[in-house]
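Chain and residue survey
The lines below spell out each chain.
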Amino acid sequence: MIEVLGKEAVRPVTLHRPAAAPANPGRWSVEAVQTLLDLPFDELMFRAQTVHREHWPVRDIELATLLSVKTGGCPENCGYCPQSAEFDTGVKAQKLMSVEEVTQAALAARDAGATRFCMGAAWRAPKDRDIEKVAELIRAVKGLGMQSCATLGMLESHQAQALRDAGLDYYNHNLDTAPEYYGDIVDTRTYQDRLDTLAHVRSAGISVCCGGIVGMGEAPVHRAGLLAQLANLEPYPESVPINSLVRVPGTPLADSDPIDPLDFVRVIAVARILMPKARVRLSAGRQQLGEPVQALCFLAGANSIFYGDKLLVTGNPDADADRRLLDKLGYSTRQVSVQQEEHA
Ligand code: SF4
């Protein structure tokens, strides 16, 4: 934790740098997590906000931007994903973007206030020659003074090390859902495959970004199961993206019943309680939540958003709308730029 004085601040703004991976306070049972999810709403929000204020400065929202650097044509069959080659979603496959294209996009994101730049590629598992190319992209992003993040599919340990050597700060690899529901969502890779990639990333010294998706037709116990899995990773992830399913026509989950917005807020609140030092990120599906529910999510402990009008291939609130919402809530852009100094 360090303290800096913001340019226009009248008192110090305390910023937390999770220098070391957060320690896991103990294993959580699915039952214990379910008990938290079922708390009366006011009690749950009070507990989440208390934990949040113990570990993070208030009104500190991280802005991250996500770019699809290699789109579509993926051989996996994740039931929520428009980039799977198995589903007819209208997404056109594109090859890996050039260093120049990615640099331009990262510059634009930085100018718009983003502090971390995430690059996504729709691979099942990158080949070594793909890793070499992505390493060039990572070096370009780092050269702009931004944190770098990548999500490229399954990694072997030497590939994770090569990405780390290129300067990669974060690797995103989601668990998606509880182990018991996972087979209903994807059957081209196993839950253990995902855990193995996370272990390789952790061993290479890269910070872990790992979360899941709700609103995929799962039962409440599966939400508890996902949260328990995340919290029981040793150590738990530094970043935890929580997605609300974007129901894309052509995917098997296109007709799933949407999650109740207040249940979504509950998931955010419990993620905050279980993983106090993690950045809990509002990710896909934010556009459909609307401002009041997003405000409740911030109150529940979310302190990161994906920023920019597109998330890989699905929509996101535009940057101006996000700035208006942050202003309305008193999360000033000054504080965002203080956060940017922290990461520079
Ligand atoms: S989520 Fe990733 S691995 Fe799954 S189909 Fe989409 S791009 Fe492929």
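Residues numbered from 1 in each chain as written. Predicted model: local features only at pLDDT ≥ 70, side-chain atom pairs only at ≥ 80, totals over all residues. Heavy atoms only, no water.

A separate point is the site of the ligand. Taken together, the residues surrounding the ligand are Cys-74, Glu-76, Cys-78, Tyr-80, Cys-81, Ser-84, Ala-122 and Arg-189. Class assignment of the residues belonging to the shell around the ligand gives a composition of five nonpolar, one polar and two charged. (Near = heavy atom within 4 Å. Nonpolar A, V, L, I, M, F, W, Y, C, P; charged D, E, K, R; others polar.)

Once that is clear, we can look at unusual backbone geometry. Leaving glycine aside, a negative phi is the common case for residues, and trans is the common case for peptide bonds. Between Glu-234 and the following residue, Pro-235, the backbone shows a cis peptide bond with an omega angle of -5 degrees. As for its position among the elements, Pro-235 is in the loop between helix 8 (220-232) and strand 9 (239-244). Not every positive phi belongs to a glycine, and Arg-59 is a case in point at roughly 55 degrees. Tracing the sequence through the fold places Arg-59 in the loop between helix 2 (41-55) and strand 3 (62-70). Judged by its relative accessible area of 32%, Arg-59 falls in the partly exposed class. A positive phi angle is found at Asp-176, which is not glycine, with a value near 75 degrees. Turning to its location among the elements, Asp-176 is positioned in the loop between strand 6 (170-172) and helix 6 (179-182). The buried category is assigned to Asp-176, whose relative accessible area is 1%. (Helix = DSSP H or I, 4+ residues; strand = E, 2+ residues; numbered from the N terminus. Buried < 20%, exposed > 50% of the residue type's maximum accessible area, 1.4 Å probe, protein only.)

To continue, consider the confidence of the model for the protein chain. In the predicted model, the protein chain carries a mean pLDDT of 85, and 86% of its residues have values of at least 70. Contacts for the low-pLDDT stretch residues 1-19, under 50 throughout, to residues beyond four places or in other chains number 36 contacts. Note on residues 333-344: pLDDT under 50 across the span, and 33 contacts to partners over four residues away in sequence or across chains. (pLDDT = per-residue confidence, 0-100. Contact = heavy atoms within 4.5 Å.)

What the rule picks out here adds up to two aromatic pairs. Plain terms: the ring middles of Tyr-182 and Tyr-191 are 5.2 Å apart, the flat faces sit at 85 degrees to each other, and that makes the pair edge-to-face. By the burial criterion, Tyr-182 is buried, and Tyr-191 matches it. Their ring planes at 90 degrees and their centres at 5.5 Å tell us that Phe-298 and Tyr-331 sit as a pair that is edge-to-face. Of this pair, Phe-298 sits in helix 10 (residues 286-299) while Tyr-331 is found in the loop between helix 11 (319-328) and helix 12 (333-343), placing the two residues 33 residues apart along the sequence. Note on Phe-298: relative accessible area 3%, which makes it buried. Residue placement shows Arg-116 over the ring face of Tyr-170; its charged tip is 3.7 Å from the ring centre. (Phe/Tyr/Trp six-rings, centres within 6.5 Å; stacked < 30°, edge-to-face > 60°. Lys NZ or Arg CZ within 6 Å of the ring centre and 35° of its normal.)

Here we come to the side chain of Asp-176. There is a polar contact of 2.8 Å between the side chain of Asp-176 and the side chain of Tyr-80. Apart from residues lying up to four places away in sequence, Asp-176 is in contact with Tyr-80, Tyr-182, Arg-194, Gly-211, Gly-212, Ile-213, Met-216 and Leu-226. (Polar contact = N/O pair within 3.5 Å; in protein donor to acceptor, adjacent residues only side chain to side chain.)

A word on helix 3 (residues 99-111). The terminal C-alpha atoms of helix 3 lie 18 Å apart, and with 13 residues this matches the ideal 18 Å at 1.5 Å per residue to within 8%. Looking at helix 3, one finds that the buried residues are Val-102, Ala-106 and Ala-109. Within helix 3, the buried residues cover an arc of 60 degrees as seen down the axis, which keeps them to one side. Set apart from the buried face of helix 3 by more than 90 degrees, the exposed residues are Glu-100, Gln-104 and Asp-111. Where helix 3 is buried, its residues touch strand 3, strand 4 (116-121) and helix 4 (128-143). Where helix 3 ends, the next residue or the one after it, Gly-113, has phi of about 110 degrees, a positive value. (Expected span 1.5 Å × (residues − 1). Arc of directions from axis to C-beta.)

Under the criterion given, the structure shown has 12 salt bridges. Linking Arg-116 and Glu-62 is a salt bridge whose minimum nitrogen-to-oxygen distance equals 2.7 Å. With a gap of 54 residues between them, Arg-116 in strand 4 and Glu-62 in strand 3 connect regions that are remote in the sequence. For the residue pair Arg-116 and Glu-62, the accessibility class agrees, reading buried in each case. Across the salt bridge formed by Glu-76 and Arg-124, the nearest N and O atoms sit 2.4 Å from each other. Taken as a pair, Glu-76 in the loop between strand 3 and helix 3 and Arg-124 in the loop between strand 4 and helix 4 lie far apart in primary sequence, 48 residues in all. Each of Glu-62, Arg-116 and Arg-281 takes part in one network of salt bridges that share partners. (Salt bridge = Lys/Arg side-chain N within 4 Å of Asp/Glu carboxyl O.)

Let's shift gears to the pairing of strand 10 (residues 279-282). Along strand 10, one buried face is formed by Arg-279 and Arg-281 and the opposite face, lined by Val-280 and Leu-282, is buried too. Here strand 9 pairs with strand 10 via four bridges, running parallel. Bridging from a neighbouring strand, Ile-242 pairs with Leu-282 of strand 10. Read from strand 9 through helix 9 (residues 261-274) to strand 10, the crossover connection turns out right-handed. In this sheet, strand 11 (residues 304-306) lies alongside strand 10 in parallel orientation, the contact comprising two bridges. (Pairing = 2+ DSSP bridges. Right-handed = clockwise from strand over helix to strand, strands pointing away.)

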